[in-house]
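# Breakdown of the fold
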Amino acid sequence: MTRCLNCGAERTADVCAACGLSTVAAEFSLRRKLLARTAIFLVGSLAFLAAGSQYPALELDGMLIFIGVVFFVALTLAIGVERRALRHTEVEALKRIYYGLIPLPWLLAGLLFVNGALDRSPPLLYPTRVVGKFSMPGLLGSRRLVVTSWRGADRFERIAISRSDFDRFRRGDLVIVDVRSGLAGIPWVAGVSHR
Ligand SMILES: [Zn+2]
């Protein structure tokens with residue numbers, strides 16, 4: 001049994017009875033939809049990075065790893081659908097999982113944005129000390145101050161920080177980290193200043 005690549009209906013002839021597309025046209029239509037959704041997914045990932053640098057969650061690195069894994073899985077699925085379409089094998093299941101992942105970066109981006117932009121909670125000021133810092137090149141670039149944690153001994157916090165702030169701090173500096181509770185309950189860092 002073969003299914004129409006455009007609408008997923010069973011097809012018995014070259015022209016799909018459900019949507020009226022020929023095999024070739026259905027394949028073209030599928031490819032166009034895949035490209036469009038992949039673009040939406042990529043822009044969503046950029047929106048997530050932007051929201052994450054504007055309102056950096058304390059656990060931003062964990063979220064970045066999660067989005068990175070989703071990104072890898074999604075692109076693998078997209079390639080899988082494309083290859084199966086070329087071989088004219090079943091694509092419906094993979095396609096649905098792939099389409100299901102498309103909104104995920106947008107949802108997380110919106111969550112981080114609302115969590116920070118609409119947050120009216122009072123600042124929680126934590127005195128701490130810079131024990132290291134590092135910057136990673138790449139998309140949007142990311143810089144972290146490593147400070148001793150206020151959430152328990154022997155722990156460290158990696159604070160996402162802007163380029164100008166990054167140059168202001170040195171290892172050993174005594175600093176105050178301004179943390180907000182977040183509208184959605186995701187703590188985020190509003191700023192770092194010298195003590
Ligand atoms: Zn069809």
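Residues numbered from 1 in each chain as written. Predicted model: local features only at pLDDT ≥ 70, side-chain atom pairs only at ≥ 80, totals over all residues. Heavy atoms only, no water.

### Topic: the overall build of the protein chain
Short version of the rule: Runs of H or I in DSSP of at least four residues are treated as helices and runs of E of at least two as strands, each being numbered from the N terminus. The reference for a compact globule is 2.2 Å times residues^0.38; the radius of gyration itself is calculated from the C-alpha atoms. For the area figures, the Shrake-Rupley method with a 1.4 Å probe applies, and any residue is considered shielded solely by the protein chains shown. Here Asp and Glu are counted as negative and Lys and Arg as positive; His is not counted, and neither are the chain ends. Charge positions come from single atoms, namely NZ of Lys, CZ of Arg, CG of Asp or CD of Glu.
Helices and strands together make up the secondary structure of the protein chain, namely five helices and seven strands. Listing the helices and strands of the protein chain from first to last along the sequence gives β-β-α-α-α-α-β-β-β-α-β-β. Radius of gyration (C-alpha) of the protein chain: 23 Å, far over the 16 Å computed for a compact globule of 195 residues. Roughly 11,100 Å² of accessible area belongs to the protein chain as shown, and the carbon and sulfur atoms make up 63% of that amount. Between the averaged position of the 25 positive side-chain charges in the protein chain and that of its 15 negative side-chain charges there is a distance of 2 Å.

### Some thoughts on the layout of surface pockets
As a reminder, the rule being used: The way it works is a 1 Å grid over only the protein atoms, where trapped points that fit a 1.4 Å probe form a cavity and open points with protein on both sides within 12 Å along at least five of seven lines form a pocket, and then any residue with an atom within 4 Å of a point lines it. Grid points are joined across faces, edges and corners, and a volume is the space filled by probe spheres set on the points. Side-chain classes are defined by residue name, with Ala, Val, Leu, Ile, Met, Phe, Trp, Tyr, Cys and Pro counting as nonpolar, Asp, Glu, Lys and Arg as charged, and the others, Gly among them, as polar.
In this model, the largest pocket occupies a volume close to 510 Å³. Contributing to the lining of the largest pocket are 28 residues, with G52, S53, G141, R144 and A160 lying nearest its centre. Elements with a contribution of two residues or more to the lining of the largest pocket: α1 (23–54), α2 (60–87), β4 (142–148), β5 (156–160), α5 (163–168) and β7 (188–194). Residue composition of the lining of the largest pocket, by class: 16 nonpolar, eight polar and four charged. In this structure, the second largest pocket spans a volume of roughly 160 Å³. In terms of lining, the second largest pocket is formed by twelve residues, of which the most central are T2, R3, L5, H88 and T89. By residue class, the composition of the lining of the second largest pocket is four nonpolar, four polar and four charged.

### A closer look at the coordination of the zinc ion
The condition is simple: Here a donor is any nitrogen, oxygen or sulfur atom (N, O, S) within 2.8 Å of the metal, with 3.2 Å used for Na, K and Ca; water is not among the atoms considered, so some sites may look incomplete. The rule is simple: four donors are tetrahedral if all their angles sit between 85 and 135 degrees, four are square planar and six octahedral if opposite donors span more than 155 degrees and the others lie between 65 and 115, and anything that fits none of that is irregular.
Binding of the zinc ion to the protein goes through C4 (SG), C7 (SG), C16 (SG) and C19 (SG), at separations of 2.3 Å. Around the zinc ion, the four donor atoms sit at angles spanning 106 to 114°, and that spread fits a shape best called tetrahedral. All donors of the zinc ion belong to a single chain; written as a sequence motif, their spacing is C-x2-C-x8-C-x2-C.

### Looking at the sheet that holds strand β6 (residues 174–180)
Which entries qualify depends on this criterion: A pair of strands is treated as paired once DSSP finds two or more bridges between them. Note on definitions: angles span 0 to 180 degrees between N-to-C directions of axes, and those axes are lines fitted to C-alpha atoms, for helices only across the stretch in contact.
With antiparallel pairing, the five strands of this open sheet are ordered in space as β5-β4-β3-β6-β7. Two strands bound the open sheet, and with one partner strand each, they are β5 and β7. Strand-to-strand, the axes of this sheet are offset by a mean angle of 45°, without reference to chain direction. In this sheet, β5 lies alongside β4 in antiparallel orientation, the contact comprising five bridges. Bridge pairing in β5 links R144 to A160.

### A short note on the packing of α2 against helix α3 (residues 92–101)
Spelled out, the test is: In this scheme the crossing of two helices becomes right-handed for a clockwise turn of the near helix relative to the far one and left-handed for an anticlockwise turn of less than a right angle. Only heavy atoms enter the contact rule, under which two residues are in contact if any of them lie within 4.5 Å.
Two elements in contact, α2 and α3, have axes whose closest approach is 9 Å; the angle formed by their N-to-C orientations is 145°. At the point where α2 passes α3, the crossing takes the left-handed sense. Here V70, V73, A74, L77, A78, G80, V81 and R84 of α2 come into contact with α3, specifically with L94, K95, I97, Y98 and L101. Partitioning the contact of α2 with α3 into residue classes produces ten nonpolar, one polar and two charged.

### Overview of the packing of aromatic side chains
The condition that has to hold: Here is the rule: rings of Phe, Tyr and Trp (six-membered ring for Trp) pair when centre to centre is within 6.5 Å. Planes less than 30 degrees apart are stacked, more than 60 are edge-to-face, and the remainder are tilted. Here, a charge over a ring means that NZ of Lys or CZ of Arg falls within 6 Å of the ring centre while also lying within 35 degrees of the ring normal.
Counting across every chain of the model gives five aromatic pairs. Taken together, a centroid distance of 6.1 Å and an interplanar angle of 45° make the contact between Y98 and Y99 tilted. One aromatic cluster is present, formed by Y55, F113 and W188 through successive ring pairs. Directly above the ring of Y99 sits R37, whose terminal nitrogen or CZ lies 3.8 Å from the centroid. Its end group placed over the ring of F166, K133 keeps NZ or CZ at 4.3 Å from the ring centre.

### Notes on the pairing of β4
To keep it simple, the criterion reads: Residue exposure (1.4 Å probe, protein chains only): buried if accessible area is under 20% of the type maximum, exposed if over 50%, otherwise partly exposed.
β4 sits mainly inside the fold: five of its seven residues count as buried. Two elements, strand β3 (residues 124–136) and β4, share six bridges in a ladder whose sense is antiparallel. In the strand pairing of β4, S135 is matched with R143.

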